[in-house]
Amino acid sequence: MDVKDSNGNILNDGDSVHVIKDLKIKGMSKTLKRGNVIKNIRLTGDSGEVECRVGKSQVVLKTQFLKKA
């Protein structure tokens, strides 16, 4: 199963990604701003989602809003 970012690049465990759109995250008071770099992503069982750590929280993000760094 290939997990691809918004540009079609293949993502792997441990990659770094950029957020391409401001994202409100449920349960958090802050917003992920466009251009933020998220390091050390982990793949999930779904090809459209990745798991990552933002601050001290674990979140699942859709790959359509990410670009490989």
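Conventions used here
- Numbering of residues starts from 1 in every chain and runs along the sequence as written.
- A pLDDT threshold of at least 70 governs which residues receive local features in this predicted model, and a stricter bar of 80 or more applies before side-chain atom pairs are shown or counted, although totals over entire chains, interfaces and linings include all residues.
- Heavy atoms from the whole structure form the basis of all side-chain values; hydrogens and water molecules are not counted.
- Buried Ala, Val, Leu, Ile, Met, Phe, Trp, Tyr and Cys residues that are joined via side-chain atoms within 4.5 Å together make up what is termed a nonpolar core.
- Only protein chains enter the calculation, and the probe is 1.4 Å; a residue is then buried if its accessible area is under 20% of its type maximum, exposed if over 50%, and partly exposed in between.
- Put simply, DSSP marks the helices as runs of H or I at least four residues long and the strands as runs of E at least two long, and each gets a number from the N terminus on.
- Polar contact is the term for a pair of N or O atoms within 3.5 Å; when the atoms are in protein, one must be able to donate a hydrogen and the other to accept it, and sequence-neighboring residues count only if both atoms are side-chain atoms.
- By the convention used here, residues are in contact when the closest approach between their heavy atoms is within 4.5 Å.
- One bridge is not enough; two strands pair if DSSP finds at least two bridges between them.
- Here, a salt bridge means any side-chain nitrogen of Lys or Arg that lies within 4 Å of a carboxyl oxygen of Asp or Glu.

K.L.:
Talk me through the nonpolar core; I want residue IDs and the actual numbers.
P.N.:
Ranked by size, the top nonpolar core spans 15 residues in total, and within it Leu-32, Ile-38, Ile-41, Cys-52 and Leu-61 carry the most contacts. Listed by contribution, the elements that provide at least two residues to this core are β3 (17-19), β8 (49-54) and β9 (57-62). If one sorts the elements of this core by residue count, β8 sits on top with three residues.

K.L.:
Tell me about the side chain of Asp-5, and name the residues and values.
P.N.:
When you line up the elements, Asp-5 lands in the loop between β1 (3-4) and β2 (10-11). Within the local environment of Asp-5, its side chain forms a polar contact with the backbone nitrogen of Gly-8, the two atoms lying 3.0 Å apart. Polar side-chain contacts of Asp-5 include one of 2.7 Å to the backbone nitrogen of Asn-9. Dropping the residues within four chain positions of it, Asp-5 is found in contact with Leu-11, Thr-63, Leu-66, Lys-67 and Lys-68.

K.L.:
Tell me about the sheet that holds β8, and please be specific about residues and values.
P.N.:
Read across the open sheet, the three strands follow the order β7-β8-β9; overall the sheet is antiparallel. Looking at strand neighbours, the two that pair on one side only are β7 (42-43) and β9, the edges of this open sheet.

K.L.:
Which residues make up the sheet that holds β3, and what values do they have?
P.N.:
Spatially, the three strands line up as an open sheet ordered β6-β3-β10, and their pairing is antiparallel. In this open sheet, the two strands that pair with only one neighbour each are β6 (37-38) and β10 (66-68). Where β3 lies against β10, three bridges are found, and the strand directions are antiparallel. Of the residues in β10, the one forming a bridge with Val-19 is Leu-66.

K.L.:
Quick rundown of the pattern of salt bridges? Include the residues and the values.
P.N.:
In total, this model carries three salt bridges according to the counting rule given. Its salt-bridge partner being Arg-42, residue Glu-51 comes within 3.2 Å of it at the nearest N-O pair. In this structure Glu-51 comes out as partly exposed when scored by relative accessible area, which is 28%. Residue class for Arg-42 comes out partly exposed when judged on its relative accessible area of 30%. For Lys-62, the salt bridge identified is with Glu-49, shortest N-O distance 3.8 Å. Highlighted residues: Lys-62 in strand β9 and Glu-49 in strand β8, separated in sequence by 13 residues. Using a relative accessible area of 42% as the deciding quantity, one classes Lys-62 as partly exposed.

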